[in-house]
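Secondary and tertiary structure notes
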Amino acid sequence: MGSLFRSEEMALCQLFLQSEAAYACVSELGELGLVQFRDLNPDVNAFQRKFVNEVRRCDEMERKLRYLEKEIKKDGIPMLDTGESPEAPQPREMIDLEATFEKLENELREVNQNAEALKRNFLELTELKHILRKTQVFFDEQEGGVNHTTESMTRALITDEARTAGASMGPVQLGYMDKSNEREDYLPCFVAGVILRERLPAFERMLWRACRGNVFLRQAMIETPLEDPTNGDQVHKSVFIIFFQGDQLKTRVKKICEGFRATLYPCPEAPADRREMAMGVMTRIEDLNTVLGQTQDHRHRVLVAAAKNLKNWFVKVRKIKAIYHTLNLFNLDVTQKCLIAECWVPLLDIETIQLALRRGTERSGSSVPPILNRMQTFENPPTYNRTNKFTKAFQALIDAYGVASYREMNPAPYTIITFPFLFAVMFGDLGHGALMALFGLWMIRKEKGLAAQKTDNEIWNIFFGGRYIIFLMGAFSMYTGLIYNDIFSKSLNIFGSHWRLSYNTSTVMENKLLQLNPNSTDYVGDPYPFGLDPIWQVATSNKIIFHNGYKMKISIIFGVIHMIFGVIMSWHNHTYFRNRLSLIYEFIPQLVFLVLLFFYLVLLMFIKWNRYAATNPMPYSESCAPSILITFIDMVLFNTPKTPPTGCEVYMFWGQSFIQTVFVLVALACIPVMLLGKPWKIMQARKLANVQPIAGATSDAEIGGNSNGGSHGGAGAGGHHDEEEMSEIFIHQGIHTIEYVLGSVSHTASYLRLWALSLAHAQLAEVLWTMVLSIGLKQEGWLGGVILTFVFAFWAVLTVGILVLMEGLSAFLHTLRLHWVEFQSKFYMGQGYAFLPFSFDAIIENGGASSSEAE
């Protein structure tokens, strides 16, 4: 149980391994996950270490596996994941793995190159097929009776000199050269091709401007998208045909086509040649489809075979790489036959680690056993808190504030109770709490299947990681909802109200300002057995006033108790680290200050609840009950209380004035003790020792007292300041004192957020019920049922989205702040660093996450 409330005791050990057994021993330690190695070669470049070649080989294998994984995911092939973690292979198996991966990569790259070449050929033939079809339509139009249009277009392309040279020009047939009528230079020519559809407008403008309008462009869209063989994307293209005259324009047109990456294809002029080419193209496309199908089948078979082992291959390669990376942290002895390592290990697990080293030595066949020596050190050890799937999320909340100093009191066990409880005080509603608890319970019941999915959704991973927190928050909210007697803004009448109505129905319905007198037969005399009486649900006039007074007081009560508990936790730290000065001059005055002022405020609330009631005679009737806030302000400021009403007394009990004066004076006297006591004692100790200022003189260990294990004691005490001068000690102590005194007031007021959020949550729930659901409930007939269905759906969405998710997140953040600032600031330093053991499980998990992020 000691490790639950404090971090594990750690030991710095020196490990001696034979070179031939080092790999197997480190492999066993990686499976165990209880050793954090230190880098003994911090000044050596990563590329100059002993096993850098092996690490590079592992990087290359990982690259090949990532390539295979990308191809497998591209084809949508499921990868077999048994959930088992194979052992790290022996070094000699690396050669077999490298050969396997090399063969698979080469085969896959060759298949991909062939497939890409076939797809490129297929694309070209498909584009040519569309060109032949579209251009045939154009030529069919020209031959079918629109000669006058083409003739006028062609004549527009012929210069005036050409017209005068051939005076008797007859009809011109585009695409044909009538040598009897025209010179070859002046007969129209054309080119055909395809271009991306989005480039076509700019392409057309460029043609018009560059050729000065001496070209004629016809284009038609290809309806079906084509596949780009390079990346597999679907692209939309259009067919175009350009008519022009002369070699100069021909050169210019081809350069423009090249600039816009348009693909030009040969198109015969004669219809018979075009039909013959189209038939040949169709035949080649059919043959290509057959070859492409066979290629894809072969590629699929290769990937399916690789997918069966890919996960295991990844695990093996990452384990090998992690082992060699760890071996690079070791030192070689002078004989070059022994590797020396230094590592932090939990003290309780040394025997387990030695057994793992023994197993590794036996696996390697070495005859020399490994040696694990414990070393003496003055370094601060890492902080290691053992967790399980239940406590892990709560420990993460604490570590998010700061990792605990070594052997410092761990707030996580207490947070398991206080966190969901304070959340529930703000979120208290039986219905909303049940929804949250059911969601958490569902994740807990299905945790194995949900954990195996390993999704990359960050929000879902946060919810799933905090499933036990969500369940406890929901369960505690159900309890506080019963205390508040609040379920979706309505109340449960389980035991029957302890109030009676003495008015008739008409009076109750007409008079909105009726009141029930507790000092009459309206009140039974006994309180409601559990929680609030349901009668308050219909008290529209003073319901909020009553809830305000009740929730405000319990917020202060819970807050003061929570802070006192935090101060008591500091006592455990001071006694453990034998920090007598902090115990006498910090803990005792802090506790006295908090108890005499704020715990006394809590006692006044209970005294008021106990002594004053409507059924009591004067001077303890409800009209004589004093204001606790005014009483506390008068107490602190030494004010004389105002004269009470006739028949009432000034004070709640005998001797109250004297006790309050003593309490305030003693509390004020604690401030100079906190401010000057500890620095003064340190200064006296230094004068007696007649020494210069020493490092971290804020604990007994540094002024000649006893410490617990060298610097380990000072680490938890949290007072290390290298060569700290007395002036700095006084300044730091003054800052801490001012922070504590002012913080006691502000932190107490900060707990009023429990009341504020609880009130806001209840009012939002009531607004949703009144403004949304009650509208549907008031409808009658079959139409009312239909309306109620839609209204209920809308109300349910708003309830889950606003009241459960948004309000739940708000209450969660406020609860987190209360723990980090108001509670942990009383005792928790959080200046340590986490224990990060060499663990295959963590490496594989992080490796999988990083690879998914990279994609």
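Quick look at the structure, then. Treat the numbers as computed from the prediction; the structure is a model and nothing was measured. (Residues numbered from 1 in each chain as written. Predicted model: local features only at pLDDT ≥ 70, side-chain atom pairs only at ≥ 80, totals over all residues. Heavy atoms only, no water.)

Remarks on the nonpolar core
Definition in use: Residues belong to one nonpolar core when they are buried, are Ala, Val, Leu, Ile, Met, Phe, Trp, Tyr or Cys, and are joined through side-chain atoms within 4.5 Å. Three exposure classes are used, based on accessible area relative to the maximum for each residue type with a 1.4 Å probe and protein chains only: buried under 20%, partly exposed in between, and exposed over 50%. In this text, helices come from DSSP runs of H or I with a minimum length of four residues, and strands from runs of E with a minimum of two, each type numbered from the N-terminal end. Residues count as neighbours in contact if any of their non-hydrogen atoms are within 4.5 Å of one another.
One finds Phe 37, Leu 327 and Phe 330 to be the most contacted residues of the largest nonpolar core, which totals 60 residues. Among the secondary structure elements, those contributing two or more residues to this core are strand E1 (10–18), helix H2 (19–32), helix H3 (52–74), helix H4 (93–143), helix H9 (271–327), strand E10 (338–346) and helix H10 (350–364). At 13 residues, the largest contribution of residues to this core is made by H9. Among all residues touching Leu 327, those that are not within four sequence positions of it are Ala 22, Tyr 23, Val 26, Phe 51 and Leu 339. Membership of the second largest hydrophobic core comes to 59 residues, among which are Ile 483, Ile 564, Phe 593 and Phe 812.

Things to note about the sheet that holds strand E7 (residues 237–244)
Short version of the rule: Pairing between strands is defined by DSSP: at least two bridges between them are needed. To obtain an axis, a line is fitted to C-alpha atoms, over the contacting stretch when the element is a helix, and the angle between two such axes runs from 0 to 180 degrees between their N-to-C directions.
If you walk across this open sheet you meet the 4 strands as E4-E7-E3-E8, and the pairing is antiparallel. Here the strands that pair on one side only, and so sit at the sheet edges, are strand E4 (216–221) and strand E8 (263–265). The average undirected angle you get between the axes of adjacent strands in this sheet is 25°. As paired elements, E4 and E7 share 6 bridges and run antiparallel to each other. If you follow Gln 219 over to E7, its bridge partner there is Phe 240. Against the sheet, helix H7 (residues 200–210) contacts strand E3 (189–196), E4 and E7, and its axis sits at roughly 10° relative to E7. Packed onto the sheet, helix H8 (residues 247–259) meets E3, E7 and E8 and runs at close to 165° relative to E7.

Some details on the packing of aromatic side chains
Under the convention used in this document: Stacked, edge-to-face and tilted are the three classes for Phe, Tyr and Trp ring pairs, Trp counted by its six-membered ring, which pair at centre distances within 6.5 Å; planes under 30 degrees apart are stacked, over 60 edge-to-face, the rest tilted.
According to the stated counting rule, one finds 40 aromatic pairs in the structure shown. Seen in terms of ring centroids, Phe 390 and Tyr 468 are 5.5 Å apart; in terms of plane orientation they differ by 85°. Their pairing is edge-to-face. Here Phe 390 is found in the loop between strand E11 (371–375) and helix H11 (391–401), whereas its partner Tyr 468 is found in helix H16 (residues 467–484), with 78 residues between them in sequence. When the centroid spacing of 6.1 Å and the interplanar angle of 25° are considered together, the rings of Trp 460 and Phe 464 count as stacked. You can see Trp 460 and its partner Phe 464 sitting in helix H15 (residues 458–465), 4 residues apart, about one turn around the helix. Note on accessibility: Trp 460 and Phe 464 belong to one class, buried. One aromatic cluster is present, built from ring pairs that chain together Phe 5, Tyr 401, Tyr 414, Phe 565, Trp 820, Phe 823, Phe 827 and Tyr 828.

Section: unusual backbone geometry
Backbone geometry follows two general trends: most residues other than glycine have a negative phi, and most peptide bonds adopt the trans configuration. The omega torsion across Met 618 and Pro 619 is 5°, close enough to zero to call that bond cis. One non-glycine residue, Arg 578, lies in positive phi territory at about 55°. Relative to the helices and strands, Arg 578 is located in the loop between helix H18 (543–576) and helix H19 (580–611). Judged by its relative accessible area of 47%, Arg 578 falls in the partly exposed class.

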